[in-house]
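Chain by chain, the residues run as shown.
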Amino acid sequence: MKSHVKAVVIGGGVVGCSVLYHLAKAGWTDIMLIERSELTSGSSWHAAGGFHTLNGDPNVAKLQAYTVQLYKEIEEISGQSCSLHLTGGVMMADTPERMDFLRLAHAKGRYLGMDTELITPSEAKAMFPLMDEKNFVGAMWDPVEGHLDPSGTTIAYSKAAKKLGAEIVLRNRVVDLTQQPDGTWNVVTEQGTVHAEHVVNCGGLWAREIGRMVGVELPVLAMEHMYLLTEPMPEVEEFNKSTGREMIGVLDFKGEIYTRQERNGILLGTYEKACKPWSPVNTPWDFGHELLPPDLDRIAPSLEIGFKHFPGIEKAGIKQIINGPFTFALDGNPLVGPVQGLTNFWCACAVMAGFSQGGGVGLALSNWMVHGDPGFDVWGMDVARFGEWAGLRYTNAKVRENYSRRFSIRFPNEELPAARPAQTTPLYDTMLANNAVMGDSWGLETPLWFAPKGKEPRDIVSFHRSNDFGPIGEEVRATRERVGVTEIANFAKYEVSGPGAEEFLNRLMTNRMPKTGRIVLTPMINEFGKLIGDFTIAKAGEDRFMIWGSSAAQKYHMRWFEKHLPKDGSVRIHRFDQTLVGLSIAGPKSRDLLQKLVDVDISTKAFRFMDFREMAVGGAPCMVNRITYTGDLGYEIWMAPAYQRLVYKAIKDAGEEFGLVDFGMRALLSMRLEKNFPTWFRELRPIYGPFEGSMDRFIKLEKNDFIGREAAAKEQAEGPKLRRVSFIVDAADADVMGDEPIWAKVSKDFGTVEKPHGYGAPRFDDKGEEVRGSKAAEGASAVRGIVDGDWRVVGWVTSGGYAHYVQKSMAQGYVPAALAEDESAGLFEIEILGHRRPARINVEAPFDPSGEKMRT
Ligand SMILES: Cc1cc2nc3c(=O)[nH]c(=O)nc-3n(C[C@H](O)[C@H](O)[C@H](O)COP(=O)(O)OP(=O)(O)OC[C@H]3O[C@@H](n4cnc5c(N)ncnc54)[C@H](O)[C@@H]3O)c2cc1C
């Protein structure tokens, strides 16, 4: 065993071996994987080995597609077979809502290069004759699904990595990790200490324990999971013989079941409602190649539905039941990347679908370690996406909820209840008393909308407009015409101070820093010229800046700030989290209202648009920004939590004469739509350049040398390929939700969308004939791919909804720059729930395009 290496990867499961392979492939060959026992000694060896590309997050779906493509490569390099069976698979919908979900997934797949197809239940049955198709209303076919040998695949990664020069040390547990003053690590193992520049936690079932070695409680929990294997089945053998094909994989949402052929029988697994965590607090180090006792009672309800849906399987004898643990993060996606607050400590854990995701995780992490950037939009699996609130008990509740809902539909307006309320502001009870429907905003309870008096404050979940539509409209109209108040505690807030503060911010941000008492809006970009943040910055004093940004990105941004902090102590950063809370008042009467609560002049001239002041509001010391995300005349008022009730009461009392209303986050988001304002994580993400994001006026290339300046200048000089635009959509009773394809009637291929990658396993009808261009499930678009006559998919929606004041359905998204200013009718269509709706670009914001109202 070497005593010094560039990087140590802890854990020889499929993920550790993939990370090792990708690091070696990227040129880091002085690396070592340390495994406690033999390779695949965690969850990898007893996996069902299924793989698929579909994921709720399109960016994770892309990395899953990469994983599947990779298997041929590692087989070739290693000489080790992965026993790949690319059978294709179907997802079965039993209700119209589930069919809507599949239509959405199918539509997203268009610009992701996925070749999915909506098909009828009988078409699905032709490929998996054991089902009773009468239980279903439709299905989605995905050719890039199948199964493989989990151990063989892990070994293939490891052999390929070794061939490239990596070292693998077996039967050697890492017992401790200590950091040197220079940021490097001493990896203390049973066989001695290895000094490494970087450490990667690929500990799988023990990832939590490895996190604890460095003082971090990772939000990851193992769950028991069962699948059964049947005896050989004559029906399966007969199908194989008559078609020369293997049966496909089937995912049955209603039964919470996945099933596929395994040898001459069937493998059937469940995600049961009565799920069970395994080792909820500490994972035993002596757990090895063992299985857990099966518990058929727990999965009986799923099996009952399963046998009804797949009567062919019920008759078969059960040969074996596998029950094994594997890990999940709160939302079911992996935890990848550098851990904020630590140097050179990386994670690639909580990978619940190692054989769909392991390759993508390895590629993204190796890019990040070697080149300083993952190279993709990996927010959906970034370890920074959860806050401190995601502790052991919170994680336990959320992971159980996620597991039991693995195949349930998550509606766009659905808030999940587990582990709530976690964080509340002092106004929580008041908001409940006001009939607020609350939502979870990065662990904080936040009012979404207010139900009318006498009505239960509850969302009716749907893909269509729902019971919040009327009340949100009221909130918006009252705010736009009079004045409204909302809680904004769920923004991120930071203070950057010290003699080096201004220089530091000028180096990080694309805009000039403001003068004292003034505010600027500014994106932040990385050295590759991609958007990594969007902030409101006020200069509060000589060496003191206040910064507001996206709540969910707090750890992500802190990680970046800390990485670039001068070592000489000239800059301090403080993240307030919920030690600073806020209220926003907006609307034409907001100045009159605020003036009644303050003892200073806040007239247009005395307190201008984009001014910042510290002043007492209703007697409480506050910071006030003359700015609001509604795009109206308005203010953001920030105070310590101890004052929030006082300020809110003062606003409510003084607001009575102006017809003040409470409004929630959904009304705020509706109002920003009619102003064409973007949101972070929707419109603005690390895959777009600042000019693509239409943030031109905030990019001051001439001000000084800032991070990413060169790349931004290049983007500007060459002209952005894409542009963020706003659309008005001729929608019916459903608005866009995000990720819908944008079609345009153009003859040119703009090359902005990926073509299907054409794995295309053939499909067969019940006579064994190959099926081509099949009819889609009833009411769905039958068009596959990205071209349909004169129409082609040219972009994607990032977000949207109903803009209540201008009474229009709106969407924002990215299209080729050449089309971005074309407002012609008939040029665009946006695919909402399988139906293509006419859409028109709207260059100017439909509400107050000149911005006069907010400047008044
Ligand atoms: C019943 C079942 C069915 C499944 N079916 C599928 C499926 O169909 N498709 C799919 O994609 N996924 C499936 N999975 C999930 C899949 O197994 C996991 O996603 C995958 O195994 C995760 O791999 P890993 O490398 O992260 O973790 P692990 O496989 O747990 O590997 C972690 C490794 O780290 C080692 N280690 C830990 N701590 C230390 C230490 N301190 N020092 C040295 N070594 C250490 C362990 O010994 C272990 O070998 C299934 C899982 C189960 C249980």
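Keep in mind that this is a model prediction, so the values were computed, not measured. (Residues numbered from 1 in each chain as written. Predicted model: local features only at pLDDT ≥ 70, side-chain atom pairs only at ≥ 80, totals over all residues. Heavy atoms only, no water.)

Scanning the protein chain from N- to C-terminus turns up 20 helices and 41 strands. Principal-axis analysis of the C-alpha atoms gives the protein chain an extent of 85 × 65 × 55 Å. For the protein chain, the proportion of its 856 residues judged to be buried stands at 63%. Accessible surface computed for the protein chain: about 31,400 Å², of which carbon and sulfur atoms make up 50%. (Helix = DSSP H or I, 4+ residues; strand = E, 2+ residues; numbered from the N terminus. Buried < 20%, exposed > 50% of the residue type's maximum accessible area, 1.4 Å probe, protein only. Areas by Shrake-Rupley, 256 points an atom, 1.4 Å probe, with all protein chains shown as cover.)

Viewed as axis vectors pointing N to C, helix α1 (residues 14–25) and helix α2 (residues 58–78) meet at an angle of 75 degrees, and their least axial separation amounts to 13 Å. Taken together, the axes of α1 and α2 lie roughly perpendicular to each other. Only Tyr66, Leu70, Glu73, Ile74 and Ile77 of α2 make contact with α1, whose side of the interface consists of Tyr21, His22 and Lys25. Its residues assigned to classes, the contact of α1 with α2 shows five nonpolar, one polar and two charged. (Axes fitted to C-alpha atoms, helices over the stretch in contact; angles between N-to-C directions. Parallel < 35°, antiparallel > 145°, perpendicular 65-115°, else oblique. Contact = heavy atoms within 4.5 Å. Nonpolar A, V, L, I, M, F, W, Y, C, P; charged D, E, K, R; others polar.)

Turning our eyes to something else, we now look at the UniProt feature "domain: FAD dependent oxidoreductase" (unreviewed entry) in the protein chain. According to UniProt, the positions carrying the feature "domain: FAD dependent oxidoreductase" (unreviewed entry) are residues 7–367. When the span residues 7–367 is considered, its composition is 32% helix and 27% strand, and the gap between its end C-alpha atoms is 14 Å. (UniProt positions renumbered as here; feature names shortened; annotations may be inferred.)

Once that is clear, we can look at the side chain of Thr446. The topology assignment puts Thr446 in strand β21 (residues 444–450). Residue Thr446 is classed as buried on the basis of its relative accessible area, which comes to 4%. At 3.2 Å, the side chain of Thr446 forms a polar contact with the backbone oxygen of Leu444. Excluding its chain neighbours within four sequence positions, the residues that come into contact with Thr446 are Val437, Met438, Gly439, Ser441, Asn490 and Met665. (Polar contact = N/O pair within 3.5 Å; in protein donor to acceptor, adjacent residues only side chain to side chain.)

In this section: the nonpolar core. Of all hydrophobic cores here, the largest spans 110 residues; its most connected members are Leu177, Val187, Leu335, Phe345, Met509 and Phe561. Those residues within four positions of Phe561 in sequence are excluded, and the remaining contacts are Tyr494, Phe504, Leu508, Met509, Met524, Phe535 and Ile573. Among the nonpolar cores identified, the runner-up in size contains 45 residues, and Leu33, Leu63, Val361 and Trp368 belong to it. (Core = buried A, V, L, I, M, F, W, Y, C linked by side-chain atoms within 4.5 Å.)

Moving on: the UniProt feature "domain: GCVT N-terminal" (unreviewed entry) in the protein chain. UniProt feature "domain: GCVT N-terminal" (unreviewed entry): in the numbering of this structure it lies at residues 427–703. Helix makes up 23% of residues 427–703 and strand 28%, with an end-to-end C-alpha separation of 42 Å.

We now examine the sheet that holds strand β22 (residues 484–487). Read across the open sheet, the six strands follow the order β29-β30-β31-β28-β22-β32; overall the sheet is mixed. Each edge of the open sheet is held by one strand with a lone partner, namely β29 (612–617) and β32 (661–662). One ladder, built from four bridges, connects β22 with strand β28 (residues 581–586); its direction is antiparallel. For Glu487, the partnering residue across the bridge sits in β28 and is Leu583. Running at roughly 15 degrees to β28, helix α17 (residues 644–655) makes contact with β22, β28, β29, β30 (620–625), β31 (634–639) and β32 of the sheet. (Pairing = 2+ DSSP bridges.)

Moving on: the pattern of salt bridges. The full count for this structure, using the stated rule, is 50 salt bridges. Between Arg212 and Glu209 there is a salt bridge, and its shortest N-O distance comes to 3.6 Å. Placement of the pair is Arg212 and Glu209 together in helix α6 (residues 207–213), with a separation of three residues, close to one helical turn. With a relative accessible area of 8%, Glu209 lands in the buried category. A salt bridge links Lys276 to Glu224; the shortest N-O distance between them is 3.6 Å. (Salt bridge = Lys/Arg side-chain N within 4 Å of Asp/Glu carboxyl O.)

So, about the sheet that holds strand β27 (residues 572–575). Read across the sheet, five strands follow the order β24-β25-β26-β23-β27 without closing on themselves; strand pairing throughout is antiparallel. The open sheet has two edge strands with one neighbour each: β24 (519–525) and β27. Neighbour-to-neighbour, the strand axes of the sheet open up by a mean angle of 30 degrees, direction not taken into account. Bridge count for β24 against strand β25 (residues 531–541) is seven bridges, and the pairing is antiparallel.

When you tally the buried positions in strand β40 (residues 828–832), you get five out of five residues, the bulk of the element. Side-chain alternation along β40 places Phe828, Ile830 and Ile832 on one buried face and Glu829 and Glu831 on a second face that is also buried. Summarising the sheet, strand β34 (residues 741–745) and β40 pair through three bridges and their orientation is antiparallel. Counted as the bridge partner of Ile742 is Ile830 from β40. With five bridges connecting them, β40 and strand β41 (residues 835–841) associate as antiparallel partners. Bridged to Glu831 within β41 is Arg836. What sits between β40 and β41 in their antiparallel hairpin is a turn of two residues, with Leu833 showing a positive phi close to 50 degrees.

What follows deals with the packing of aromatic side chains. On inspection of all chains with the given rule, the structure shows 34 aromatic pairs. Ring centres of Phe253 and Phe407 lie 6.3 Å apart, and the angle between their planes is 85 degrees; this geometry places the pair in the edge-to-face category. Here Phe407 lies in the loop between α11 (392–404) and α12 (428–433) and Phe253 lies in the loop between β13 (249–252) and β14 (257–262), a separation of 154 residues in the sequence. Each of the two residues, Phe253 as well as Phe407, counts as buried. Taken together, Phe101, Phe253, Tyr258, Tyr271, Phe326, Phe328, Tyr403 and Phe407 form an aromatic cluster joined through their ring pairs. The side chain of Arg98 reaches across the aromatic face of Phe101, ending 4.9 Å from its centre. Directly above the aromatic system of Phe847 lies the positively charged group of Arg480, at a separation of 3.7 Å from the ring centroid. (Phe/Tyr/Trp six-rings, centres within 6.5 Å; stacked < 30°, edge-to-face > 60°. Lys NZ or Arg CZ within 6 Å of the ring centre and 35° of its normal.)

To continue, consider the site of the ligand. Around the ligand lies a shell of 39 residues, among which Glu35, Arg36, Ser44, Val351 and Gly354 are the nearest. In this structure, an oxygen atom belonging to the ligand sits 2.8 Å away from a main-chain N or O atom of Gly50. At 2.8 Å from an oxygen atom of the ligand is found a main-chain nitrogen or oxygen belonging to Gly354. Here the ligand has 990 Å² of accessible area as a free molecule, and 98% of this is covered by the chains. Mapped by element, the contributors of at least two residues to the shell around the ligand are α1, β12 (220–230), β17 (318–329) and α10 (354–371). Looking at the shell around the ligand, its residues break down into 19 nonpolar, 17 polar and three charged. (Near = heavy atom within 4 Å.)

Another aspect to go through is α2. When the terminal C-alpha atoms of α2 are compared, their 30 Å separation across 21 residues agrees well with the 30 Å that a helix rising 1.5 Å per residue should span. A maximum bend of about 35 degrees is found in α2 at Leu70. Taken across its 21 residues, α2 has 15 buried, putting it largely inside the fold. Just beyond α2, the residue with positive phi is Gly79, at close to 75 degrees. (Expected span 1.5 Å × (residues − 1). Bend = angle between axes of the 7 residues up to and from the residue.)

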